[in-house]
Amino acid sequence: MKPATASRRIPLLLAAAAAVLYVVAAAGRDFWSPDEPDFAEHVREMLERRSLLLPYENGRPYSEKPILFYWAVAATTPLSGGDVHPLATRLPSVFAGAALVFAAAWFAGKRGGEREALVAGAVTAVTPIVFWQAQYLQVDALFSCFLMLAFVSLYFLEEEKRRDFLEGEEGRNSVPRPWLWVLRLSLAAAVLTKGPLAVVLVGLVVLTRCAMRRSWAPLVATRPFPSSLVFLFLVVPWYFFAARAGGPAYAYDLVVNQNWNRFFEAFDHIQPWWFYLESIWSDYFPWTLLALAGAGVLGRVGLFRVREDLRFAATVAAVSFVLLSASQAKQGKYLLVAYPFCAVLVAAFAVEAERRAAEGARAALRAVRGWVAFVAILLLAAAGALFPASRRYAPGQAGLAPFVALTLTLGGAATLVVLVRRRREAVPALLALAAALAAVEAAAGAVVFPAIDVLKTGRPFYERLRPRVSHGEPLAYFGGTYRCYPILVLRRRTEHFRTDVALADWVERTPGALVLADESERQHWTDPRLSALLVLDRQRVGGDEALLLGRP
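Numbers given to residues run from 1 along each chain, matching the order in which its sequence is written. With pLDDT at 70 or above as the cut-off, local features in this predicted model cover only qualifying residues; side-chain atom pairs require 80 or more to be listed or tallied, and sums for whole chains, interfaces and linings still use all residues. Hydrogens and waters are ignored; side-chain quantities use all the structure's heavy atoms.

Peer 1: Help me understand the overall build of the protein in this model?
Peer 2: Along its length, the protein carries 24 helices and 7 strands. Relative to its length of 552 residues, the protein is compact, with a C-alpha radius of gyration of 26 Å against a globular reference of 24 Å. Along the longest, intermediate and shortest principal axes, the C-alpha atoms of the protein span 85 × 60 × 45 Å. The classification of residues rests on relative accessible area computed with a 1.4 Å probe and restricted to protein chains. Under 20% of the type maximum is buried, over 50% is exposed, and intermediate values are partly exposed. Counting across all 552 residues of the protein, residues that qualify as buried make up 54%. Any two residues having at least one pair of non-hydrogen atoms within 4.5 Å are treated as being in contact. Counting only contacts in the protein whose residues sit at least 6 apart along the sequence, the fraction spanning at least 24 positions is 76%. Measuring between centres, the 59 positive side-chain charges of the protein sit 7 Å from its 46 negative side-chain charges. The secondary structure listing takes helices from DSSP runs of H or I that are at least 4 residues long and strands from runs of E that are at least 2 residues long, numbered from the N terminus. Atoms considered for the radius of gyration are the C-alpha atoms alone. The globule rule reads 2.2 Å times the number of residues to the power 0.38. Positive: Lys, Arg. Negative: Asp, Glu. His and the chain ends are not part of the count. Here the site of a charge means atom NZ of a Lys, CZ of an Arg, CG of an Asp or CD of a Glu.

Peer 1: What's the story with a nonpolar patch on the surface in this structure? I'm lost.
Peer 2: For patches, a residue must show more than 30% relative accessible area and have no salt bridge; joins then use 9 Å for like charges and 5 Å for nonpolar side chains, namely Val, Leu, Ile, Met, Phe, Trp and Tyr. Using the Shrake-Rupley algorithm and a 1.4 Å probe, accessible areas are obtained, with residue cover drawn only from the displayed protein chains. Salt bridges are defined as contacts in which a side-chain nitrogen from Lys or Arg sits within 4 Å of a carboxyl oxygen from Asp or Glu. On the surface, Val 200, Leu 204, Leu 207, Trp 216 and Val 220 cluster together to form a nonpolar patch covering roughly 470 Å² of accessible area. Looking at the nonpolar patch, the element that brings in the most residues is helix H8 (residues 197–213), giving 3 residues. Relative to the elements of secondary structure, Trp 216 occurs in the loop between H8 and helix H9 (217–221).

Peer 1: How do you make sense of the environment of Asp 518 when you look at a structure like this?
Peer 2: Here Asp 518 lies in strand E5 (residues 514–518). On the basis of relative accessibility, which here comes to 31%, the residue Asp 518 falls in the partly exposed class. Through-space distance from the C-alpha of Asp 518 to that of Ser 63 is 25 Å; in sequence the pair is 455 residues apart. Look past the residues within four positions of Asp 518 in its chain and what remains in contact with it is Asp 544, Glu 545, Ala 546 and Leu 547.

Peer 1: Any chance you could explain the environment of Trp 238 here in plain terms?
Peer 2: With respect to the secondary-structure elements, Trp 238 resides in helix H10 (residues 224–246). Those residues in contact with Trp 238 that lie beyond four places of it in its chain are Leu 53, Leu 54, Pro 66, Ile 67, Trp 71, Leu 192, Tyr 250 and Leu 254.

Peer 1: What is the right way to look at unusual backbone geometry in this model?
Peer 2: The phi torsion of most residues other than glycine is negative, and most of the peptide bonds are trans. Of note, the amide linkage connecting Ser 33 to Pro 34 takes the cis form, showing an omega dihedral of 10°. Tracing the backbone through its elements, the reader meets Pro 34 in the loop between helix H1 (9–27) and helix H2 (36–49). Phe 285 connects to Pro 286 through a cis peptide bond whose omega is 0°. Phi is positive for Arg 50, close to 60°, though the residue is something other than glycine.

Peer 1: I would appreciate a short explanation of the pairing of strand E6 (residues 534–541) in the present structure.
Peer 2: For a regular strand, side chains alternate in direction, first toward one face of the sheet and then toward the other. Strands are labelled as partners when DSSP assigns at least two bridges between them. As paired elements, E6 and strand E7 (residues 544–550) share 7 bridges and run antiparallel to each other. When the bridges of E7 are listed, Leu 534 appears paired with Gly 550. Between the end of E6 and the start of E7, which pair antiparallel, lie 2 residues, with Gly 542 showing a positive phi angle near 65°.

Peer 1: Where do I start with the sheet that holds E5 in this structure?
Peer 2: Strands pair in a sheet through their backbones, by hydrogen bonds, and they do so in one of two ways: parallel or antiparallel. If you walk across this open sheet you meet the 5 strands as E4-E3-E5-E7-E6, and the pairing is mixed. Each edge of the open sheet carries a strand with a single partner, namely strand E4 (495–497) and E6. Strand after strand, the sheet turns through a mean of 20° between neighbouring axes, direction not considered. The pairing of strand E3 (residues 475–478) with E4 spans 3 bridges and is classified as parallel. Interaxial angles span 0 to 180 degrees and are taken between N-to-C directions of axes, which are lines fitted to C-alpha atoms, for helices over the stretch in contact.

Peer 1: Mind showing me how you'd approach the side chain of Thr 288 here?
Peer 2: For Thr 288, the position within the fold is in helix H13 (residues 288–300). For Thr 288, a relative accessible area of 5% translates into the label buried. Beyond its immediate chain neighbours, meaning those up to four positions away, Thr 288 contacts Ile 280 and Trp 281.

Peer 1: Just to check I follow, could you spell out the nonpolar core for this structure?
Peer 2: Nonpolar side chains in soluble globular proteins tend to end up buried together. Ranked by size, the top nonpolar core spans 167 residues in total, and within it Tyr 22, Phe 151, Trp 238, Tyr 284, Trp 287, Phe 312 and Leu 516 carry the most contacts. In terms of residue count, helix H4 (residues 86–126) provides more of this core than any other element does, 18 residues in total. Excluding residues that lie within four positions of it along the chain, Trp 287 makes contacts with Val 123, Val 126, Thr 127, Val 346, Leu 430, Leu 433, Ala 434 and Leu 437. Among the buried residues, those of types Ala, Val, Leu, Ile, Met, Phe, Trp, Tyr and Cys that are joined through side-chain atoms within 4.5 Å form a nonpolar core. Trp 506, Val 515, Trp 525 and Leu 530 belong to the second-largest nonpolar core, a separate cluster that totals 15 residues.

Peer 1: Any chance you could explain the packing of H13 against helix H16 (residues 338–358) here in plain terms?
Peer 2: Any two packed helices are characterised by the angle at which their axes cross and by the distance between the axes. At their nearest, the axes of H13 and H16 sit 8 Å apart, and the two run at 60° to each other. The angle between H13 and H16 places the two elements in the oblique class. With respect to the hand of their crossing, H13 and H16 are arranged in left-handed fashion. From H13, Leu 290, Ala 291, Ala 293, Gly 294, Ala 295, Val 297 and Leu 298 reach across to H16, where they touch Cys 342, Leu 345, Val 346, Ala 348, Phe 349 and Glu 352. Its residues placed into classes, the contact of H13 with H16 shows 11 nonpolar, 1 polar and 1 charged. Any angle that falls under 35 degrees is termed roughly parallel, while one over 145 is termed roughly antiparallel, one within 65 to 115 roughly perpendicular, and all others oblique. When the near helix sits turned anticlockwise from the far one by under a right angle, the crossing is termed left-handed; a clockwise turn instead gives a right-handed crossing. Ten residues, namely Ala, Val, Leu, Ile, Met, Phe, Trp, Tyr, Cys and Pro, are considered nonpolar, four, namely Asp, Glu, Lys and Arg, are considered charged, and the remaining ones, Gly among them, are considered polar.

Peer 1: How should I be thinking about the pattern of salt bridges in this particular structure?
Peer 2: A pair can form between side chains of opposite charge whenever their charged atoms are brought close. Using the criterion set out here, one finds 32 salt bridges in the structure. By sharing partners, the salt bridges in this structure join Glu 158, Arg 209, Arg 213, Glu 308 and Arg 311 into a single network.

Peer 1: Can you walk me through the state of the cysteines in this structure?
Peer 2: Working definition: the covalent bond between the sulfur atoms of two cysteines is a disulfide. Throughout, a disulfide means two cysteine sulfur atoms within 2.5 Å of one another. Per the stated rule, a full pass over the model turns up 0 disulfides. Of all cysteine sulfurs in the structure, the one in Cys 342 sits closest to Cys 145, which takes part in no disulfide; the separation is 17 Å. Residue Cys 145 is classed as buried on the basis of its relative accessible area of 16%. Exposure remark for Cys 342: the relative accessible area of 14% places this residue in the buried category.

Peer 1: Mind showing me how you'd approach the side chain of Arg 209 here?
Peer 2: You can see Arg 209 is positioned in helix H8. Using a relative accessible area of 0% as the deciding quantity, one classes Arg 209 as buried.

Peer 1: Teacher, can you tell me more about the packing of helix H7 (residues 178–194) against H8 here?
Peer 2: The geometry of H7 relative to H8 is characterised by a closest axis approach of 7 Å and an angle of 140° between their N-to-C directions. Considering the angle they form, H7 stands oblique to H8. Packed against H7, whose contacting residues are Leu 187, Ala 190 and Val 191, the element H8 presents Ala 198, Val 199 and Val 202 at the interface. Residue composition of the contact of H7 with H8, grouped by class: 6 nonpolar, no polar and no charged.

Peer 1: Can you help me understand the packing of aromatic side chains in this one?
Peer 2: For any pair of aromatic rings, the description rests on two quantities: the centre-to-centre distance and the angle between the ring planes. Between rings of Phe, Tyr and Trp, where Trp is taken as its six-membered ring, a pair exists when centres lie within 6.5 Å; planes separated by under 30 degrees are stacked, by over 60 edge-to-face, and by other angles tilted. Summed over the entire model, instances satisfying the criterion amount to 33 aromatic pairs. Centre to centre, the rings of Phe 107 and Tyr 155 are 5.0 Å apart; their planes meet at 70°, and the pair counts as edge-to-face. Of this pair, Phe 107 sits in helix H4 while Tyr 155 sits in helix H6 (residues 140–166), placing them 48 residues apart in sequence. There is no split in this pair, since Phe 107 and Tyr 155 are both buried. Ring centres of Tyr 462 and Tyr 485 lie 5.6 Å apart, and the angle between their planes is 65°; on these two criteria the pair is classed as edge-to-face. Residue Tyr 462 is located in helix H21 (residues 459–465), and its partner Tyr 485 is located in helix H22 (residues 485–490); the two are separated by 23 residues in the primary sequence. Across the pair, exposure class does not vary: Tyr 462 and Tyr 485 are buried alike. An aromatic cluster is built from Phe 102, Trp 106, Phe 107, Phe 151, Tyr 155, Phe 156, Trp 179, Phe 312 and Phe 341, whose rings are joined through pairwise contacts.

Right, dumping it as structure tokens:
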């Protein structure tokens, strides 16, 4: 029997609750390295130049990402007086994360009903990598939001094509349907956010679906030729004008180096092929085992045959995992778009376990409940271990332990209570566990993040420095990679040197030269001319020290 279709009410409520959680985490801290200050500074320099064509870093065009995310961040600046502000600039990520929650709940509820919608949305909302990216100034949440919208569009285009075939109306309607335009627009937006990887992922999912159905219908449903023309019309103009403004080196880095070379001949984030086999256990904690077991159970009981939505969700997750594992460059956030579809499988597994238990087959239900009980006990154990661990490894932040331990204890205990009171169900226990994780994440965002903010940023150091260099005094930044927090706070550009020889040459010929460097990098200087530099000011930042150096 086909389950009742869920309304949009539950997805909207879950998305709104998720947005509140993400705002709480995003509101109480400054820009955190390595990426947040960079994106904020890129947008600030765009606005300073009164041109939105290219992002800039320290006065030079920045070519690592396309433009749409920068436009989204720039659109938030009227909320903060025309300047970049930590909370405001994170709003695109907040809304994108909430959209992932909505999409997961809505997609699950279309065939699975309200219980599957609840589980899929709640699981997505508190997944660690989703929570982190949704409250962080970075491109991946927005990219994954557009990409998931493209995937969902593919599914509904397939469904429309299949329905037309069954009703004998195939080929009669030549007017593009709304989902086709959603696909075109969302795919173009994804490419303008992070690059052509979106086309590769969507194309591979389409071809995989064709192979699974032994039909070209999934590809035909996209109307590839006119859709390609619309896509090119939307994407090519910015690439053309950006390449002309930035020059050949900018164009090469934007199109070739940041896509082809990063995938096949990576220059950073290089990881072995099995990297995601390890990262999914922390990034998708504690749902990974349920998603893997759920896929097996759903396949064994035949639900993949009768529910195309589940088979589609599994296809997207599998294709994303395989393709991204083939890349040399890997980070956990790259798999972000796969996790809402994994949540759809977790939700279907939980509801199916309940249904089979009602028919006398309780093995799946016991497995789900057993795992939830194990995680709840793990939360209680973590609460107890937090005090000695914090005193030993982070004594400066040991005072934060009670806040997190309290939420861990209450969340774990409440989950166990629900397990005891609702013995024949899995869904309430999963929702209780999700609520427990949401409470822990809220405590981290409201208490822990603000408490460690200065340690993460070192802002007082740059505030002390600002009056000293506010009139164009010679200032250099040393480091293999330029990080923008100093110029974001100081509101000025700096010289940048990657080798100690080049830095020594500059210091030697520049009266009054001041140098920003980390202690860890200074330890590797070999040019004897730099030994004359004295430490004028310093502050601990993370596990390192930020230094201001100059001549006596």
